[in-house]
Amino acid sequence: MPEYFLWFDLLGIAVFAISGTLAAWRNHMDGFGVIVLASVTAIGGGTLRDLILDVPVIWINNNAYFYAIFVAAIGTILLVRNRLTIPNNTLQIADAFGLAFFVIMGTQKALDHGTSSMVAIMLGTMSGVCGGMIRDVLCREVPMVFRGELYAFTCIFGGIIYTSLLALAVPQLYAMLAGMLGLLLLRLAAIRWHITIPVFGKHHQELNEP
Amino acid sequence: MPEYFLWFDLLGIAVFAISGTLAAWRNHMDGFGVIVLASVTAIGGGTLRDLILDVPVIWINNNAYFYAIFVAAIGTILLVRNRLTIPNNTLQIADAFGLAFFVIMGTQKALDHGTSSMVAIMLGTMSGVCGGMIRDVLCREVPMVFRGELYAFTCIFGGIIYTSLLALAVPQLYAMLAGMLGLLLLRLAAIRWHITIPVFGKHHQELNEP
Amino acid sequence: MPEYFLWFDLLGIAVFAISGTLAAWRNHMDGFGVIVLASVTAIGGGTLRDLILDVPVIWINNNAYFYAIFVAAIGTILLVRNRLTIPNNTLQIADAFGLAFFVIMGTQKALDHGTSSMVAIMLGTMSGVCGGMIRDVLCREVPMVFRGELYAFTCIFGGIIYTSLLALAVPQLYAMLAGMLGLLLLRLAAIRWHITIPVFGKHHQELNEP
């Protein structure tokens, strides 16, 4: 396993820990509840991915993941305490970065264990999406994955870029960076211009609501 | 493993994917969020069952499960777009069918791995109930399992029919069909006539509410 | 594995089953939904711990855990039906006892499988906290772990007492009892005097709410 894998993993963990801490702050949580929410957001998706792949969970033999969570959470707390304005969409943007790292890393980890490309993209999406899903459920918000703006689609899109580039024999590191960048740009564009894909006809919804 | 196992599994997956898609439609979700909710409902329970039994997760080496989800979700979307009225309890009925398939298949899979009948029935119930539970939590609805009408009881009832018939040396396929049918009929009857089991005295509840 | 491990485990299971049943009662749930909520609260955390440690899930080969849940749930139902007043914080106190058993047992189980002390304390906290978290999410309440009063902190505190005493060569049983007692007393004190740790400056929160 190349060394940059660990760094991508730690970066994803840290960014999701920041997004968990921001969610805790927005929801008036206090004390160590912040650490819990930061940890759940950061390791939820990767833990599920590793359980499903039946490999040792990433953080079980490596304290570095918890240090990354602590540093990110405490740094975010200090930032929030000392600045008066945090833009409203900071949480969404931190989440987008976490997504980029986790989806591509998760896809690669699944491929390493012999899954098909489709299952790998699904597992990558799952590891990117589930930490944030648990965060939103615990905060009793509508999960970000359902609040539209191409959330799940960007994950699948990034996974397709990555696996396609691998199939074209592009070196792994470049394919990863391209997949992460493609995912991130699409997600940021979707947040910026509120891009959505309506699949149900609008008027049908209103007529049939119970 | 007999071939009809795969078909029961795929049918359960498809029916739960339909119920997830209907839940997404009722909750005004759009785009790929529908696919996420359909997938989570469809594979949530079976994934948990396989993780607990420590066997490879059903869909990890078989793309067929994802095709079943896609086909079921897209078919449901087309149906919803082209019909003006979907009866209010369609979601409950689709859920009942998924329950019938998953509970009996889950019970059998646990027995295959040497658990006691009681643990097998519990695991079957868990694999039937958990996908829908996650669906309802993500939609921020009171989980169907708690909205009464014998929900958990029908699962245990179906599991008992199945394991009892097996103990009486009834051939596996017939025992399965009997268990599924018993579970389904009891659940549909409970939905139709709003059958519930009150366990707490009604008046105590109102007196002590904080 | 010493025999008292099984008893601590069963006690933790029973206490969490009581807290799950009380939560079901407070939320007007009925019938077998109570059993579901009691079971989920009781085995949720331990199941997650065992999945992550990749060891057989505690209840998979031992019916005793389900008997403990049934007895605790039915006993609680009878108590609630026959008494008019259940103090409002009974749920919190039952939860505190469950926490004490599960956190220390979880920490020990992780140490048994060769994790570092820090990861062991995290896994212990996780196994203590997650059952109640799922309970609260299913009841659509703000998870107790976020409603302050040192919830997560007491878990980490108990884990630190236990691992420190082990490092000082205190016999395991005494170290366990000391860890459980320390955790329980701190949690009960936090409930009694509403002790919290505010980490975000209060005024910042109000200014930036979206």
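Criteria and cut-off values
- Residues numbered from 1 in each chain as written.
- Chains lettered and ligands numbered in written order.
- Predicted model: local features only at pLDDT ≥ 70, side-chain atom pairs only at ≥ 80, totals over all residues.
- Heavy atoms only, no water.
- Helix = DSSP H or I, 4+ residues; strand = E, 2+ residues; numbered from the N terminus.
- Contact = heavy atoms within 4.5 Å.
- Least-squares fit on C-alpha atoms with pLDDT ≥ 70 in both.
- Phe/Tyr/Trp six-rings, centres within 6.5 Å; stacked < 30°, edge-to-face > 60°.
- Buried < 20%, exposed > 50% of the residue type's maximum accessible area, 1.4 Å probe, protein only.
- Patch = residues over 30% accessible without salt bridge, like charges linked within 9 Å, V, L, I, M, F, W, Y side chains within 5 Å.
- Areas by Shrake-Rupley, 256 points an atom, 1.4 Å probe, with all protein chains shown as cover.
- Salt bridge = Lys/Arg side-chain N within 4 Å of Asp/Glu carboxyl O.
- Expected span 1.5 Å × (residues − 1).
- Arc of directions from axis to C-beta.
- Buried area = accessible area lost by both parts, 1.4 Å probe.
- Polar contact = N/O pair within 3.5 Å; in protein donor to acceptor, adjacent residues only side chain to side chain.
- 1 Å grid on protein atoms, 1.4 Å probe; cavity = no way out; pocket = protein on both sides within 12 Å on 5 of 7 lines; lining within 4 Å.
- Points joined across faces, edges and corners; volume = space filled by probe spheres on them.
- pLDDT = per-residue confidence, 0-100.
- Nonpolar A, V, L, I, M, F, W, Y, C, P; charged D, E, K, R; others polar.
- UniProt positions renumbered as here; feature names shortened; annotations may be inferred.
- Disulfide = S-S within 2.5 Å.

**A few points about the side chain of B:Thr107**
By the element assignment, B:Thr107 lies in helix α4 (residues 90-112). In this structure B:Thr107 touches B:Ala120, B:Ile121, B:Gly124, B:Gly159, B:Tyr162 and B:Thr163, once residues within four positions along its chain are discounted.

**Some words on the relation of the copies chain A and chain C**
The two copies are related by a screw motion: chain A maps onto chain C through a turn of 120° and a shift of 0.0 Å along the axis, at an RMSD of 0.0 Å. The operation mapping one copy onto its partner corresponds to a three-fold rotation axis. A low fraction, 11%, of the interface residues of chain A reappear at the interface in chain C, so the copies pair through non-equivalent surfaces.

**Observations concerning the packing of aromatic side chains**
All names here are of chain B. Inspection of the entire model under this criterion finds 12 aromatic pairs over all chains. Residues Phe16 and Phe102 carry aromatic rings whose centres are separated by 5.1 Å and whose planes lie at 75° to one another, so their mutual orientation is edge-to-face. With Phe16 in helix α1 (residues 3-26) and Phe102 in helix α4, this pair connects stretches of sequence that are 86 residues apart. On the basis of relative accessible area, Phe16 is assigned to the buried category, the value being 0%.

**Looking at a nonpolar patch on the surface**
Together, C:Leu173, C:Tyr174 and C:Leu177 make up an exposed nonpolar region whose accessible area comes to about 290 Å². Within the secondary structure, C:Tyr174 sits in helix α7 (residues 172-193).

**Structural notes on helix α3 (residues 64-82) of chain C**
Residues and elements named next belong to chain C. Here α3 spans 27 Å end to end across 19 residues, near enough to the 27 Å set by a 1.5 Å rise per residue. When we look at burial in α3, the residues that qualify are Tyr65, Phe66, Ala68, Ile69, Ala72, Ala73, Thr76, Ile77 and Val80. Taken end-on, α3 shows its buried residues confined to a sector of 155°, consistent with a single buried face. Facing away from the buried side of α3, by more than 90 degrees, are the exposed residues Val71 and Asn82.

**A look at the interface of chain A and chain B**
Each partner contributes residues to the interface: chain A has 34 residues there, and chain B has 36 residues. Taken together, both faces of the contact between chain A and chain B bury some 3300 Å²; the carbon and sulfur share is 70%. Linking chain A with chain B are 0 salt bridges, by the criterion used here. In this structure, the connection of chain A to chain B is made through 2 residue pairs in polar contact (both at pLDDT 80 or more).

**Observations regarding the layout of surface pockets**
Of the pockets and cavities examined, the largest pocket occupies roughly 360 Å³. What lines the largest pocket is a set of 30 residues, among which A:Asp54, B:Leu51, B:Asp54, B:Val55 and C:Asp54 lie closest to the centre. Every element with two or more residues in the lining of the largest pocket is listed here: α2 (33-53) of chain A, α2 (33-53) of chain B together with α2 (33-53) of chain C. In terms of residue count, α2(A) provides more of the lining of the largest pocket than any other element does, 4 residues in total.

**A few points about the environment of C:Leu48**
All names here are of chain C. Structurally, the position occupied by Leu48 is in helix α2. Put simply, Leu48 and Gly182 are 134 residues apart on the chain and 24 Å apart in space, counted from C-alpha to C-alpha. With near-sequence residues (within four places) excluded, Leu48 lies in contact with Met126 and Cys130.

**Things to note about the confidence of the model for chain A**
Residues shown with low pLDDT carry predicted positions that ought not to be read at fine detail. Chain-level statistics for chain A give a pLDDT mean of 85 and a share of 91% at 70 or above. This stretch, residues 203-210 of chain A, has a pLDDT under 50; its non-local contacts, to residues over four places away or in other chains, come to 19 contacts.

**Digging into the pattern of salt bridges**
When the charged atoms of two side chains with opposite charge come close together, those side chains can pair. Residues and elements named next belong to chain A. Counted by the stated rule, this structure contains 12 salt bridges over all chains. Between Arg135 and Asp95 there is a salt bridge, and its shortest N-O distance comes to 2.8 Å. Highlighted residues: Arg135 in helix α5 (residues 117-138) and Asp95 in helix α4 (residues 90-112), separated in sequence by 40 residues. Each member of the pair Arg135 and Asp95 is classed as buried.

**Some remarks on the relation of the copies chain A and chain B**
Expressed as a screw operation, the relation of chain A to chain B combines 0.0 Å of axial shift with a rotation of 120°, fitting to an RMSD of 0.0 Å. The share of interface residues of chain A whose copies in chain B are also at the interface is only 12%, consistent with the copies meeting through different surfaces.

**As for the interface of chain A and chain C**
Across the boundary between the two partners, chain A contributes 36 residues, which contact 34 residues of chain C. A per-residue breakdown of the area chain A buries against chain C is headed by A:Trp25, A:Asp30 and A:Phe32, which together make up 19% of the total. The interface formed by chain A and chain C includes 0 salt bridges. Across the chain A-chain C interface, the total number found is 2 residue pairs in polar contact (both at pLDDT 80 or more). Where the side of chain A that touches chain C is concerned, the elements lending two or more residues are α1 (3-26), α2, α3 (64-82) and α5 of chain A. In terms of residue count, α2(A) provides more of the side of chain A that touches chain C than any other element does, 8 residues in total. Here the side of chain A that touches chain C is built from residues that sort into 22 nonpolar, 8 polar and 6 charged.

**Thoughts on the UniProt feature "transmembrane region" (unreviewed entry) in chain A**
Residue and element names in this part refer to chain A. When the UniProt feature table is mapped to this numbering, "transmembrane region" (unreviewed entry) covers residues 6-25, 32-52, 64-81, 93-111, 117-138, 150-170 and 176-195. Within residues 32-52, the helical portion is 95% and the strand portion 0%, while the C-alpha atoms at the span's ends are 29 Å from each other. Taken end to end, residues 176-195 comprises 90% helix and 0% strand; its first and last C-alpha atoms sit 25 Å apart.

**What to know about the state of the cysteines**
Residue and element names in this part refer to chain C. Within the structure shown, the criterion is met by 0 disulfides over all chains. With no disulfide partner, Cys130 has as its closest neighbouring cysteine sulfur the one in Cys155, 10 Å distant. Using a relative accessible area of 13% as the deciding quantity, one classes Cys130 as buried. You can call Cys155 buried: its relative accessible area is 0%.

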